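# What the coordinates show
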Amino acid sequence: MTLEAIDIYVPSRIPSTHPLHEPQMLTAARREEFRRMARDSREAKNAAMSGTGPKSLHPLYTPRLDPNSLMPKKNRSGLVSLSLFSGGGGLDLGFERAGFHHSASYEWLDFAGDTLQANRPEWSVYKGEAGDVRGVDWTPYRRQVDVLHGGPPCQPFSMAGKQRGALDPRDMWPEFVRAVMSVKPRAFVGENVAALSSARFAEYVDQVILSPLASEYSIQKVTLFAHEFGVPQLRKRVFFVGFRTKRDAAAWAPPAASHFRPGGKPEEGLQPTMGIREALGLPDIGHDELSPTIRSGLSGPRHTTSIINSVSAQKRFRALQIWGNGVAATREAAQAFVAKHDDYRLAVPEVGIVQGFPEDWRFSGATYMQLGQIGNAVPPALGYAVASSISSVLAR
Ligand SMILES: C[S@@+](CC[C@H](N)C(=O)[O-])C[C@H]1O[C@@H](n2cnc3c(N)ncnc32)[C@H](O)[C@@H]1O
């Protein structure tokens, strides 16, 4: 009888670094297979680092996309923002570049809080236990904030997960609602995966998000694509935008696209979004397109440096001759560690660019933690577009 047949499950030996990390239940045989793959990969990486591995064909390339160009810095509007579930700071950066004064960020992962603090030493960043929104008394912020924004964890709703919604301990929408009702900002922005607006979660959205807020806010829901704002990635997100006054709600319009899809029909007044190869400055191979959606494995079943979350994404990366299965910490490390088929191995700063982060925005933590923050983020240019649309209403 094989080990598979008697279903012996063996726990992982790697300790979790995320409060809600869900260890994968694997049979002894399957875990041994993963261990062997990890060992082979480690040996290949060590050989690459000691200079005894195969030589790469890829020089170091200079990116053509500067994500800052997608979000020209605006003057301070005097409007104040408050950030919950701040992660690695995608929304925070978008709001800052749109002219908001950042009052504070709340994020329970220490390493994500470290990212915010390292990039913006002048910001108030609450991390770890102090950043856990469940324990925060929001009343000191009451009526001091123009826009409260946050993207509660999307894992309870994501198609890549088990879609347990309210039954998932990671569901933090009730906390978002509690904060809004306590702070009473002039407007709020709640962001999530597009699956949250599917029929499956219609009742959840109505009962947990819309109904409790509707007594004080006029709420609109809008679905936006990151590539319509110049980000070289297929990424669809839903935004709930609420205003305290009917007048502001009536004056608001969702941000209009500034870009069209690479290879798509040119539209007047819009710029073409670069494909991922062009954005990263890779040579022309006769094929380029948006990057598949970058995943975050942060609270998933295993710590990973892969940004690929489906077979179709794997195929699309292969056609692009790009390796997203084991992202390296730096371009130099990526260059030294030759990928299968000699595809172009990505490095963390390049994944940042594909998510719309400028290279000078540095992520803290181990490589998988950095990738997790990137994959979890709202592309800053998308946050910027939403922030600008709200600012034009509130700053009248
Ligand atoms: C989808 S990510 C938000 C990403 C962020 N909006 C951005 O643009 O970079 C959700 C974040 O919520 C954080 N989080 C989850 N539960 C939390 C809690 N109880 N208190 C504070 N942060 C929490 C997670 O660690 C994660 O970084």
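Along every chain, residues carry numbers that run from 1 in the direction the sequence is written. The predicted nature of this model means local features are confined to residues of pLDDT at least 70 and side-chain atom pairs, given and counted, to a pLDDT of 80 or more, with totals for whole chains, interfaces and linings taken over all residues. The side-chain quantities take in all heavy atoms of the structure and omit both hydrogens and water.

## Let's talk about the domain arrangement of the chain
By domain assignment, the chain separates into domain 1 (68–261 + 378–394) and domain 2 (274–376). Measuring from the centre of the C-alpha atoms in domain 1 to the corresponding centre in domain 2 gives 25 Å. Of the roughly 2300 Å² buried where domain 1 meets domain 2, counting both sides, 55% is carbon and sulfur surface. Each of two parts loses accessible area, computed with a 1.4 Å probe, when they are put together; buried area is these two losses added. Interface area lost by domain 1 to domain 2 is led by Phe111, Pro232 and Gln233, which between them contribute 27%. Within this document, salt bridges are pairs made up of a side-chain nitrogen of Lys or Arg and a carboxyl oxygen of Asp or Glu, the two lying within 4 Å of each other. There are 0 salt bridges connecting domain 1 and domain 2. Polar contacts, as used here, are pairs of N or O atoms within 3.5 Å; protein pairs need one atom able to donate a hydrogen and one able to accept it. Residues neighboring in sequence count only if both atoms are side-chain atoms. In this assembly, domain 1 and domain 2 are joined by 12 residue pairs in polar contact (both at pLDDT 80 or more). Working definition: helices are DSSP H or I runs of at least four residues, strands are E runs of at least two. Numbering for both runs from the N terminus. When contributions to the side of domain 1 that touches domain 2 are tallied by element, the ones reaching two or more residues are helix 2 (90–97) and helix 3 (110–119). The dominant element in the side of domain 1 that touches domain 2, judged by the number of residues it contributes, is helix 3, at 6 residues. Note that Gly is not counted as nonpolar here; it falls among the polar residues with everything else outside the nonpolar set of Ala, Val, Leu, Ile, Met, Phe, Trp, Tyr, Cys and Pro and the charged set of Asp, Glu, Lys and Arg. Looking at the side of domain 1 that touches domain 2, its residues break down into 14 nonpolar, 9 polar and 5 charged. Note: domain ranges come from an automatic or database domain assignment.

## Structural notes on the sheet that holds strand 3 (residues 80–84)
Sheet strands associate in pairs through backbone hydrogen bonding, adopting either a parallel or an antiparallel arrangement. At least two bridges found by DSSP between two strands is the condition for calling them paired. Taken together, 7 strands build an open sheet; the order of strands is 5-4-3-6-7-9-8 and the sheet is mixed. Both outer strands of the open sheet, strand 5 (125–127) and strand 8 (218–225), are each paired with one neighbouring strand and no more. Sheet twist, expressed as the mean angle between neighbouring strand axes with direction ignored, is 15°. Where strand 3 lies against strand 4 (residues 101–107), 5 bridges are found, and the strand directions are parallel. Directly across from Val80, in strand 4, lies its bridge partner His101. Here a residue-residue contact requires only that any non-hydrogen atoms of the pair lie within 4.5 Å. Axis definition: a line fitted to C-alpha atoms, limited for helices to the stretch in contact. Angles are taken between N-to-C directions and run from 0 to 180 degrees. Running over the sheet, helix 2 touches strand 3, strand 4, strand 6 (147–150) and strand 7 (187–193) and is turned about 150° from strand 6. Those strands touched by helix 12 (residues 380–394) are strand 6, strand 7, strand 8 and strand 9 (236–243), and its axis lies near 20° from that of strand 9.

## Examining helix 1 (residues 28–49)
With 22 residues, helix 1 should cover 32 Å at 1.5 Å per step; its first-to-last C-alpha distance of 31 Å lies within 8% of that length. Just downstream of helix 1 lies Gly51, where phi reads positive at about 85°. In a helix, the anticipated span is given by 1.5 Å times the number of residues less one.

## Re the site of the ligand
The rule for a residue being near a molecule or strand is that one of its heavy atoms must lie within 4 Å of it. In the vicinity of the ligand, 20 residues are found, and the nearest of them are Gly90, Glu107, Asp132, Val133 and Val378. Between the ligand and Gly90 there is a distance of 3.0 Å, counted from an oxygen atom to a backbone nitrogen or oxygen. Between the ligand and the protein, one listed contact pairs an oxygen atom with a backbone N or O atom of Leu91 at 3.0 Å. Each cavity reported here is a set of points on a 1 Å grid over the protein atoms alone in which a 1.4 Å probe fits but cannot get out, each pocket an open set with protein on both sides within 12 Å along at least five of seven lines, and each lining residue one with an atom within 4 Å of a point. By definition, a pocket or cavity contains a molecule when more than half of the molecule's atoms lie within 2 Å of the pocket's grid points. Judged by its atoms lying within 2 Å of the grid points, the ligand is housed in the largest cavity. Residue classes in the shell around the ligand are distributed as 9 nonpolar, 8 polar and 3 charged.

## A look at unusual backbone geometry
Notably, Gln321 is not glycine yet its phi reads approximately 55°, a positive angle. Accessible area is worked out with a 1.4 Å probe on protein chains only. A residue is then buried under 20% of its type maximum, exposed over 50%, and partly exposed in between. Relative accessible area serves as the criterion here: at 36%, Gln321 is assigned to the partly exposed category.

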